[in-house]
Amino acid sequence: MAVEKRNVSVTANGQACSAEVEPRKLLVHYLRDDLGLTGTHVGCDTSQCGACTVMVDGDIVKSCTTLAVQADGSEITTVEGLGTANDLHPMQQSFWEEHGLQCGYCTPGVMIAALGLLKENPNPTEEEIREGLEGVICRCTGYQFIISAIQKAATIIQESGIDLNSQQLVGEGTHNE
Ligand code: FES
Ligand code: FES
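Just so it is clear, the model here is predicted, and its values are computed rather than measured. (Residues numbered from 1 in each chain as written. Chains lettered and ligands numbered in written order. Predicted model: local features only at pLDDT ≥ 70, side-chain atom pairs only at ≥ 80, totals over all residues. Heavy atoms only, no water.)

## Considering a negative patch on the surface
- On the surface, Asp57, Asp59, Glu75 and Glu120 cluster together into a patch of negative charge.
- Tracing the sequence through the fold places Glu75 in strand β5 (residues 75–77).
- Accessibility expressed as a relative area gives 33% for Glu75, which makes it partly exposed. (Patch = residues over 30% accessible without salt bridge, like charges linked within 9 Å, V, L, I, M, F, W, Y side chains within 5 Å. Areas by Shrake-Rupley, 256 points an atom, 1.4 Å probe, with all protein chains shown as cover. Salt bridge = Lys/Arg side-chain N within 4 Å of Asp/Glu carboxyl O. Lys, Arg positive; Asp, Glu negative; His and termini not counted. Charge placed at Lys NZ, Arg CZ, Asp CG, Glu CD. Helix = DSSP H or I, 4+ residues; strand = E, 2+ residues; numbered from the N terminus. Buried < 20%, exposed > 50% of the residue type's maximum accessible area, 1.4 Å probe, protein only.)

Following this line, the structure appears as structure tokens:
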């Protein structure tokens, strides 16, 4: 028997988007398959690794354990909303400069989780960053370069006066001028 589909409409990275989906569809698959936002990755599918981390209405969410229908009407920020190759977000610039990635598979989720952390704590210590990133796993870097990147991003964001709690700034580009 065909499952009745539901319309899910969101604002993703500042753009209005919608798609008809089965009620059981996970948010990560909606983002990747229906909206084409493939920067959000699937690592474990069981809420362990954090590769699928996105921001929903300003909150950090693991999109592999959220149904697309639960996100209906929300504002979503994925890694694609941070910046472009020619106009990097301070978080992306800092990961680039501090070598905060190797294979890059975890990186979209780590950067979104880090922005969530900086929203709550604009100037975290190394220990606070390690605690804040407990929900995201990197298999390559050993974390030290990730921590350096987040500390650098925190400095740039503070010095630039960027307000991460503004929906205009996270989700529609907070770019390094
Ligand atoms: S894919 Fe969602 S936590 Fe691993
Ligand atoms: S850079 Fe490879 S998993 Fe983190």
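Still to come is the rest of the account.
## Examining the layout of surface pockets
- Each pocket or cavity is described by its volume, and for the largest pocket that value is around 170 Å³.
- By residue class, the composition of the lining of the largest pocket is nine nonpolar, one polar and one charged.
- Two domains each put at least three residues into the lining of the largest pocket: domain 1 (6–81) and domain 2 (90–160). (1 Å grid on protein atoms, 1.4 Å probe; cavity = no way out; pocket = protein on both sides within 12 Å on 5 of 7 lines; lining within 4 Å. Points joined across faces, edges and corners; volume = space filled by probe spheres on them. Nonpolar A, V, L, I, M, F, W, Y, C, P; charged D, E, K, R; others polar. Domains from an automatic or database assignment.)

## Examining unusual backbone geometry
- The phi dihedral of Asn13 falls on the positive side, at around 55°, and the residue is not glycine.
- We note that Tyr143 has phi near 80°; this positive angle belongs to a residue other than glycine.
- Within the secondary structure, Tyr143 sits in the loop between α4 (126–132) and α5 (144–160).

## Quick look at the nonpolar core
- Judged by nonpolar contacts, the single largest core of 27 residues is most densely connected at Met91, Phe95, Leu133 and Ile150.
- Breaking this core down by element, the ones donating at least two residues are α2 (90–97), α3 (107–120) and α5.
- Sort the elements by how many residues they give to this core and α3 lands first, with eight residues.
- Apart from residues lying up to four places away in sequence, Leu133 is in contact with Val110, Ala113, Ala114, Ile146 and Ile150.
- Residues Val8, Ala12, Ala68 and Ala71 belong to the second largest nonpolar core, which totals 17 residues. (Core = buried A, V, L, I, M, F, W, Y, C linked by side-chain atoms within 4.5 Å. Contact = heavy atoms within 4.5 Å.)

## Remarks on the domain arrangement of the protein
- Annotation of the protein at the domain level lists domain 1 (6–81) and domain 2 (90–160).
- Summarising the inter-unit geometry, the C-alpha centres of domain 1 and domain 2 are found 21 Å apart.
- Between domain 1 and domain 2, the residue contacts involve 17 residues of the former and 14 residues of the latter.
- Summed over both sides, the interface of domain 1 with domain 2 buries roughly 1100 Å², with 64% coming from carbon and sulfur.
- For the interface between domain 1 and domain 2, the tally reads five residue pairs in polar contact (both at pLDDT 80 or more).
- For the side of domain 1 that touches domain 2, the secondary structure elements donating two or more residues are β3 (53–56) and β4 (59–62).
- If one sorts the elements of the side of domain 1 that touches domain 2 by residue count, β3 sits on top with three residues.
- Taken together, the residues of the side of domain 1 that touches domain 2 sort by class into seven nonpolar, nine polar and one charged. (Buried area = accessible area lost by both parts, 1.4 Å probe. Polar contact = N/O pair within 3.5 Å; in protein donor to acceptor, adjacent residues only side chain to side chain.)

## Some details on the sheet that holds β4
- In spatial order, the strands read β2-β1-β5-β3-β4; together these five strands make up an open sheet with mixed pairing. Edge positions in the sheet fall to β2 (15–21) and β4, since each has one partner strand and no second. When the angles between neighbouring strand axes are averaged without regard to direction, this sheet yields 40°.
- Pairing between strand β1 (residues 6–12) and β5: two bridges, direction parallel. Bridging across to β5, Ala12 finds its partner in Ile76.
- Where helix α1 (residues 27–34) meets the sheet, it contacts β1, β2, β3 and β5, and its direction lies at approximately 110° from that of β2.
- Its contacts with the sheet place α3 against β3, β4 and β5, and it is angled at close to 45° to β3. (Pairing = 2+ DSSP bridges. Axes fitted to C-alpha atoms, helices over the stretch in contact; angles between N-to-C directions.)

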